[in-house]
Amino acid sequence: MKDTLTFKEWLAELDSLCIASFGLSFHDMPDLTDTKYIYDSGATIQEAYDECCENWAEDDSLFAEVMGFSS
């Protein structure tokens, strides 16, 4: 998907996925993931979302619980 989207467009899609999943913008979350690096590596938006969520869950136990990352 990277080949067809600019970084700005790709990030907007990531933001839309976050809003649809948990009601907050990507930009409302902690800056824990180098999304430009992920974009440049050719990752899909879903792969970026998964990595961001994992990082947020490691940083915030409530997010982890709500998103089902805690056991």
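Reading guide: rules and limits
- Residues numbered from 1 in each chain as written.
- Predicted model: local features only at pLDDT ≥ 70, side-chain atom pairs only at ≥ 80, totals over all residues.
- Heavy atoms only, no water.
- Helix = DSSP H or I, 4+ residues; strand = E, 2+ residues; numbered from the N terminus.
- Polar contact = N/O pair within 3.5 Å; in protein donor to acceptor, adjacent residues only side chain to side chain.
- Contact = heavy atoms within 4.5 Å.
- Axes fitted to C-alpha atoms, helices over the stretch in contact; angles between N-to-C directions.
- Parallel < 35°, antiparallel > 145°, perpendicular 65-115°, else oblique.
- Left-handed = near helix turned anticlockwise from the far one by under 90°.
- Nonpolar A, V, L, I, M, F, W, Y, C, P; charged D, E, K, R; others polar.
- Expected span 1.5 Å × (residues − 1).
- Buried < 20%, exposed > 50% of the residue type's maximum accessible area, 1.4 Å probe, protein only.
- Salt bridge = Lys/Arg side-chain N within 4 Å of Asp/Glu carboxyl O.

Chemist: Any details on the side chain of Ser25? Residues and values, ideally.
Modeler: Mapped onto the secondary structure, Ser25 falls in the loop between helix 1 (7–22) and helix 2 (35–40). A polar contact of 3.1 Å, which involves the side chain of Ser25, links it to the backbone nitrogen of His27. Non-local contacts of Ser25, meaning those with residues more than four positions away in its chain, are made with Asp15, Cys18 and Ile19.

Chemist: An account of the packing of helix 1 against helix 3 (residues 45–59) is needed here, citing residue identities and associated values.
Modeler: The geometry of helix 1 relative to helix 3 is characterised by a closest axis approach of 10 Å and an angle of 55 degrees between their N-to-C directions. Judged by the angle between their axes, helix 1 and helix 3 are oblique. The element helix 1 and its partner helix 3 pack so that their crossing is right-handed. Contacts from Trp10, Glu13, Leu14, Leu17, Cys18, Ser21 and Phe22 in helix 1 reach Ile45, Gln46, Ala48, Tyr49, Cys52, Cys53 and Trp56 in helix 3. Residues that form the contact of helix 1 with helix 3 fall into these classes: 11 nonpolar, 2 polar and 1 charged.

Chemist: Break down helix 3 for me, citing the residues and quoting the values.
Modeler: Owing to its 3.6 residues per turn, the α-helix brings residues three or four apart onto one side. The end-to-end C-alpha distance of helix 3, which contains 15 residues, comes to 21 Å, matching closely the 21 Å that a straight helix rising 1.5 Å per residue would cover. Within helix 3 the residues assigned to the buried category are Ile45, Ala48, Tyr49, Cys52, Cys53, Asn55, Trp56 and Ala57. Contacts from the buried residues of helix 3 go to helix 1, helix 2 and helix 4 (61–66).

Chemist: Tell me what's going on with the pattern of salt bridges, and back it up with residues and numbers.
Modeler: Per the stated rule, a full pass over the model turns up 1 salt bridge. The partner of Asp40 in a salt bridge is Lys36, and the shortest N-O contact between them spans 2.9 Å. Here the residue Asp40 and the residue Lys36 both occupy positions in helix 2, the gap between them amounting to 4 residues, near one helical turn. The exposure class assigned to Asp40 is partly exposed, which follows from its relative accessible area of 44%. Taking relative accessible area as the criterion, Lys36 reaches 37% and is therefore assigned partly exposed.

Bear in mind that shape data such as this cannot, by itself, settle questions of function.
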